[in-house]
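Examining the three-dimensional arrangement
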Amino acid sequence: VLVLGPGNSSFLDYLDENDYDKITIIDFSEELIKNLQTKYKDRSDNWEYYADNIVTLDKKKFEGGFDIVIDKGCIDCILSDPKNAEETFIDAMNFVKVSLADNGVFYYFSYGKLEERVNLLFRVPGIKYRVAIIDMNTIAKDEFKEFNQSDNIYYLYIITKT
């Protein structure tokens, strides 16, 4: 499993608690990566960490290595740069496409507007996708309800390599 931009979320805790093996984590923040290495030091034999940008990272090193790639914020962060957003998005998606094994699946969680993301996905050759809309208000734990407003909707793009 390759996890892009996990940030400080509890997602990695879930992977750890459920004994997922061979996890690779890429995040922009060197400080975050150091913190994750410390937090999950018991997983040091099977978890790899990279403080890097998936757009400039050497794609050959990751070629075909992952059955599952998960992004819960990395590509949305990349798209926040108004200068080269579309070009950078395509570069990021090409990294994902190269990283996926045959029949691999990319789960892309995004807050971005559905029509904007779909328009960008149309520009990336060699992928197929489906979209699931997840209203976080319906699944959030009670203690987090105050942070989830009615417009707090994730879109889940399920992308496969063609």
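Structure: above.
Residues numbered from 1 in each chain as written. Predicted model: local features only at pLDDT ≥ 70, side-chain atom pairs only at ≥ 80, totals over all residues. Heavy atoms only, no water.

Let's talk about the pattern of salt bridges
What the rule picks out here adds up to six salt bridges. In this structure, Arg-43 and Asp-21 form a salt bridge, with 3.8 Å as the shortest nitrogen-oxygen distance. Taken together, the residues Arg-43 in the loop between α2 (30–39) and β3 (47–51) and Asp-21 in the loop between α1 (11–17) and β2 (23–27) connect sequence positions 22 residues apart. Judged by relative accessible area, which is 12%, Arg-43 ranks as buried. Of the residues examined, Asp-21 reaches a relative accessible area of 43% and is grouped as partly exposed. Between Arg-117 and Asp-76 there is a salt bridge; the shortest N-O distance is 3.0 Å. Of this pair, Arg-117 sits in helix α5 (residues 114–121) while Asp-76 is found in helix α3 (residues 74–78), placing the two residues 41 residues apart along the sequence. (Salt bridge = Lys/Arg side-chain N within 4 Å of Asp/Glu carboxyl O. Helix = DSSP H or I, 4+ residues; strand = E, 2+ residues; numbered from the N terminus. Buried < 20%, exposed > 50% of the residue type's maximum accessible area, 1.4 Å probe, protein only.)

Things to note about α5
Looking at α5, one finds that the buried residues are Arg-117, Val-118, Leu-120 and Leu-121. Within α5, the buried residues cover an arc of 160° as seen down the axis, which keeps them to one side. (Arc of directions from axis to C-beta.)

Considering the pairing of β3
Bridge count for β2 against β3 is five bridges, and the pairing is parallel. Residue Asp-27 lies in a different strand from β3, and its bridge partner there is Ala-51. Considered for its hand, the β-α-β crossover made up of β2, α2 and β3 is right-handed. (Pairing = 2+ DSSP bridges. Right-handed = clockwise from strand over helix to strand, strands pointing away.)

Side note on the side chain of Arg-117
You can call Arg-117 buried: its relative accessible area is 8%. A distance of 3.0 Å separates the side chain of Arg-117 from the side chain of Tyr-108, its partner in a polar contact. Not counting chain neighbours up to four residues away, the residues in contact with Arg-117 comprise Asp-76, Leu-79, Tyr-108, Ser-110, Gly-112 and Tyr-157. (Polar contact = N/O pair within 3.5 Å; in protein donor to acceptor, adjacent residues only side chain to side chain. Contact = heavy atoms within 4.5 Å.)

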